[in-house]
Amino acid sequence: MASREACVTIISKPVFLDFLNREAGRAANCDRPEDDDIAIIRILVVSLAHGFSANISQVAEYCNSRPKLFSQVIKLMQRGVIDATSSNATLSEFIEDRRARYSHVPERYPFYFSDQGGLVDLQLGTRNPFSMTGDLSRLILAYDQSKFDFDLVRLSPSDRAVFESGLNVIQSKVFKREDLAITRDLLVSNIAGGEMSARQIEAATRAISALYMKNYADRRSLATCTGIPQFSYRDVVENFPAFDFPLLKRALQALGALRQVSLWSIDDIIEHYGSLPHRHFSYHLQIFLDALAISARNKVNDSSDMSSIRLHIDRVFIQYLDIDYVKKFGNPEEFYRFGIERLIQCAARISQLDPIFNSTWSSQVSHQNNDVIAVTTATDSEDDALIQKLKESGFTSSRPVRVGNGFATEYTRGTSQHVYHLRTSAGSLGVNSAGLILPAALKELGATHLISVGICFGLLPEKNGEPYQKCGDVLVSTEIQDYETARIGTEKTINRGEKLPAGTGLLQAARLVRPNFAEADFKIYFGQIISGQKLVDSKEFVENLRTEFPGAIGGEMEGNAVSASGQFNGKEWVMIKGICDWGMGKTDNWQDVAALNACDVAMKMIVTFFDAQSR
């Protein structure tokens, strides 16, 4: 199959609410329930930040019999979210104009004549330099097939021929209508004396409604939504998928916000409309959908078939975007920030497997940071310390992630900083050990860097006869030395363990943050850390380690697996651990403090690393 790559065109046009149109709905036998209209409006307002537009008469006539919808639409008008346009200068002038246009059928529009209801709260927006009735009149009287897009009406492919069969009568009625509106009521009236068949009236009403919508959108340079339920007019393909209602609704569902969109007050939605987070969310969502659609067109049989593309995108949502837990957002802004992060996270994963998606996404979202850091712990005190320091550093728990048969927790900061927390058992060997979990986890998570944080034993309480290390101090590995692997002979034992160097970039970041702790009650030491399977609590064993590894500054149990996993996957790694004892006379007294200090250093290093990368 030939590649159908395409460039994204960012559409920042306001959206024409053409589906809020009583005459068009009546012409195509479309009658949505009021609650469905409210849901559609809310989903569009949350998803799209470009503003909305509609002719004020169109909105007034559609919404007046739907009081719940009308009250929310009026608020959106009053706050400028919906630009209710008119060729009239004032509301009273507009009402007088409507009375003149509907003088032949006042019973059909009582709100213009007696019970004005919500009309008094309407907010006029931009003044149109044109009259829609005047435009319709000119186009009908100077009928040109190229001006009438009969394909806009999906229901009746024969409308063109039927419309043209009654054209003379239609033109006579339009010519002699004086100031009356060009609606179905004009066509069934006895104005100009001509009679039309029921079929001609239906076809003409649909054609004129389609012409109205096309002319208004063209005149005001507006986008229109595709896929609006129970609205049987043709979708404009240029507006797909960025303005596709089914995909926008599905995206909100995948991001866990669809129910809350229906529960938020309209005032809350309006308060956050057009904010920086809202505009960024709308932009990222549009690029995400466009990139998925461009990729889908290379996979479906008919690249112009919106239904096939929607189905393909839905499968991608199931695989990458759907969250399988309840996510509550206090207000729309919380959702917008979460939504941006989720879209970027998912885009990063999709980009690794789909070069067409990646090409589109990366060309439009330039602030991506592809670095992902995995942090591993092995004790409860290490877990508690890491979670505390993650929160203090501005990271929030995003979601649990399945990794093989286990789990990791994803933490995010901003839109492009991702940390995965992996908990293992103590040591490098065993069913749940770092040695078994980390090699596969690094690959599945797409982690680029690995950090082991926690507690260790110190080896240098004194140096050259003077006090040196103390409990609570933090050790940063420049290398890990395996002290377990050895050749045991009859006369002597020779160490055969590997010595693996830590990552250069991570070490540089750790050294950059050391001055930040100049006033802290602990010190930071860089050097060799030895690692083995033993939980060391023996003075004699520690003395032997000091003799065998005179350059070592401390020891622990997970380092061999951490360094080997990083080396095997080609990822930078480093170990940062706080001294909780000296490998003898063990107690738990310093474990919490040592873990907190190590995690404090690690998180400041991570933030420094991310912030430097994002410039």
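Everything numeric here is computed off the predicted structure, so don't read it as measured data.

K.L.:
In this structure, what is going on with the overall build of the chain? I would like to understand it.
P.N.:
In terms of helices and strands, the chain carries 24 helices and 18 strands. The C-alpha atoms of the chain give a radius of gyration of 34 Å, which is well past the 25 Å a tight globule of 615 residues would have. Seen along its three principal axes, the alpha-carbon backbone of the chain occupies a region of about 120 × 50 × 35 Å. Counting over 615 residues, the chain shows a buried share of 55%. Intrachain contacts of the chain at a sequence separation of at least 6 include 76% that bridge at least 24 residues. Split by element, the accessible area of the chain, about 26,700 Å² in all, is 49% carbon and sulfur. Between the centroid of the 66 positive side chains of the chain and the centroid of its 74 negative side chains there is a distance of 4 Å.

K.L.:
Can you walk me through the pairing of strand β5 (residues 372-377) in this structure?
P.N.:
Side-chain direction in a regular strand flips from residue to residue, so the side chains alternate between the two faces of the sheet. The buried count for β5 comes to 6 of 6 residues, which makes it a mostly enclosed element. Every second residue of β5 is oriented toward a common face, with Val372, Ala374 and Thr376 on one face and Ile373, Val375 and Thr377 on the other, all of them buried. As paired strands, β5 and strand β8 (residues 417-423) are joined by 6 bridges and run parallel to one another. The residue of β8 that forms the bridge with Val375 is His421. Across 4 bridges, β5 lies against strand β9 (residues 449-458) in parallel orientation. In the strand pairing of β9, Ile373 is matched with His449.

K.L.:
Looking at this structure, how should I read the side chain of His418?
P.N.:
Tracing the chain through its elements places His418 in strand β8. Residue classification places His418 among the buried positions, given a relative accessible area of 7%.

K.L.:
How should the pattern of salt bridges be read in this particular structure?
P.N.:
In a structure, side chains of opposite charge can pair up when their charged atoms sit close to one another. Scanning the entire structure with this criterion turns up 35 salt bridges. A salt bridge links Arg32 to Asp37; its shortest N-O distance comes to 2.6 Å. Here the two residues Arg32 and Asp37 agree in accessibility, since each one is buried. The salt bridge partner of Glu96 is Arg99, with a shortest N-O separation of 2.8 Å. With a gap of 3 residues between them, Glu96 and Arg99 both fall in helix α5 (residues 91-101), about one helical turn apart. Each of the salt bridges in this network shares a partner with another, and the network as a whole consists of Asp31, Arg32, Asp37 and Arg66.

K.L.:
I keep staring at empty space enclosed by the protein and nothing clicks. Help me out?
P.N.:
Empty space left among the atoms is revealed by rolling a probe the size of a water molecule over them. Counted according to the given criterion, the structure contains 2 cavities of 30 Å³ or more. Taken as a whole, the largest cavity encloses approximately 440 Å³ of empty space. Lining of the largest cavity is provided by 33 residues; of these, Ser57, Arg98, Tyr102, Thr133 and Tyr212 occupy positions nearest its centre. Of all the secondary structure elements, the ones that give two or more residues to the lining of the largest cavity are α1 (22-27), α3 (56-63), α5, α7 (132-141), α10 (184-188) and α11 (198-220). When grouped by side-chain class, the residues that make up the lining of the largest cavity number 13 nonpolar, 13 polar and 7 charged.

K.L.:
Just to check I follow, could you spell out the sheet that holds strand β3 (residues 82-85) for this structure?
P.N.:
By way of backbone hydrogen bonds, the strands of a sheet pair with one another, either parallel or antiparallel. The 4 strands are arranged β3-β2-β1-β4 in an open sheet whose pairing can be described as parallel. Two strands lie at the open edges of the sheet, namely β3 and β4 (223-224), each paired on one side alone. Here strand β1 (residues 15-16) pairs with strand β2 (residues 52-55) via 2 bridges, running parallel. The residue bridging Val15 from the neighbouring strand is Phe52, located in β2. Against the sheet, α3 makes contact with β1, β2 and β3, and its axis sits at roughly 80° relative to β2, the strand it touches most.

K.L.:
Is there a simple way to think about the pairing of strand β18 (residues 572-581) in this case?
P.N.:
Burial analysis of β18 places 9 of its 10 residues in the buried class, which makes it a mostly covered element. Bridge analysis of β9 against β18 gives 9 bridges, and the strand direction is parallel. Following the sheet pairing, Ile451 is matched in β18 by Val574. One ladder, built from 3 bridges, connects strand β12 (residues 474-482) with β18; its direction is antiparallel. What sits directly across from Val476, in β18, is Ile576.

K.L.:
Any chance you could explain the confidence of the model for the chain here in plain terms?
P.N.:
Detailed reading of the predicted coordinates is not advisable wherever pLDDT falls low. For the chain, the average pLDDT comes to 89, and 94% of its residues sit at 70 or higher. At the low end of the mean pLDDT range in the chain sits strand β6 (residues 396-403), at 80; at the high end sits helix α2 (residues 34-47), at 97. Long-range and interchain partners of residues 1-7, a stretch whose pLDDT sits below 50, account for 18 contacts in this model, where long-range means more than four residues apart.

K.L.:
Sorry if this is basic, but what is going on with the packing of aromatic side chains here?
P.N.:
The full count for this structure, using the stated rule, is 25 aromatic pairs. On the numbers, 4.6 Å between centres and 40° between planes, the contact of Phe16 with Tyr216 is tilted. Of this pair, Phe16 sits in strand β1 while Tyr216 sits in helix α11, placing them 200 residues apart in sequence. Taking the centre distance of 6.4 Å and the plane angle of 45° together, the rings of Phe52 and Tyr273 count as tilted. Note that Phe52 is positioned in strand β2 and Tyr273 in the loop between α14 (266-271) and α15 (276-296), a separation of 221 residues in sequence. Among the residues examined, Phe52 registers a relative accessible area of 3% and is labelled buried. Here the aromatic residues Trp264, Phe281, Phe329, Phe335, Tyr336 and Phe338 are joined through ring pairs into a cluster of three or more. Directly above the aromatic system of Tyr62 lies the positively charged group of Arg66, at a separation of 4.0 Å from the ring centroid. The residue whose ring lies beneath Arg511 is Phe526, and the NZ or CZ to ring-centre distance is 4.7 Å.

K.L.:
When you look at the packing of helix α20 (residues 434-445) against helix α23 (residues 559-569) in this model, what are you seeing that I'm missing?
P.N.:
Packed helices, taken two at a time, are described by the angle their axes make and the gap between the axes. Axis separation between α20 and α23 bottoms out at 9 Å; the angle between their running directions is 30°. Classed by the angle they form, the pair α20 and α23 counts as roughly parallel. Remark: the crossing between α20 and α23 carries right-handed chirality. Counted together, Ala434, Gly435, Leu438, Pro439, Leu442 and Lys443 of α20 and Ala561, Val562, Ser565, Gly566 and Asn569 of α23 form the full contact between these two elements.

K.L.:
Hey, could you run me through the nonpolar core in this one?
P.N.:
Soluble globular proteins: nonpolar side chains tend toward being buried together. In this structure, Leu44, Phe52, Phe288 and Phe335 are the most contacted members of the largest nonpolar core, which totals 122 residues. Per-element accounting of this core gives the leading share, 10 residues, to α11. Those residues in contact with Leu44, other than ones at most four positions away along the chain, are Leu17, Phe19, Phe52, Cys225, Phe245 and Leu248.

Cut-offs applied
- Residues numbered from 1 in each chain as written.
- Predicted model: local features only at pLDDT ≥ 70, side-chain atom pairs only at ≥ 80, totals over all residues.
- Heavy atoms only, no water.
- Helix = DSSP H or I, 4+ residues; strand = E, 2+ residues; numbered from the N terminus.
- Rg over C-alpha atoms; globule rule 2.2 N^0.38 Å.
- Buried < 20%, exposed > 50% of the residue type's maximum accessible area, 1.4 Å probe, protein only.
- Contact = heavy atoms within 4.5 Å.
- Areas by Shrake-Rupley, 256 points an atom, 1.4 Å probe, with all protein chains shown as cover.
- Lys, Arg positive; Asp, Glu negative; His and termini not counted.
- Charge placed at Lys NZ, Arg CZ, Asp CG, Glu CD.
- Pairing = 2+ DSSP bridges.
- Salt bridge = Lys/Arg side-chain N within 4 Å of Asp/Glu carboxyl O.
- 1 Å grid on protein atoms, 1.4 Å probe; cavity = no way out; pocket = protein on both sides within 12 Å on 5 of 7 lines; lining within 4 Å.
- Points joined across faces, edges and corners; volume = space filled by probe spheres on them.
- Nonpolar A, V, L, I, M, F, W, Y, C, P; charged D, E, K, R; others polar.
- Axes fitted to C-alpha atoms, helices over the stretch in contact; angles between N-to-C directions.
- pLDDT = per-residue confidence, 0-100.
- Phe/Tyr/Trp six-rings, centres within 6.5 Å; stacked < 30°, edge-to-face > 60°.
- Lys NZ or Arg CZ within 6 Å of the ring centre and 35° of its normal.
- Parallel < 35°, antiparallel > 145°, perpendicular 65-115°, else oblique.
- Left-handed = near helix turned anticlockwise from the far one by under 90°.
- Core = buried A, V, L, I, M, F, W, Y, C linked by side-chain atoms within 4.5 Å.

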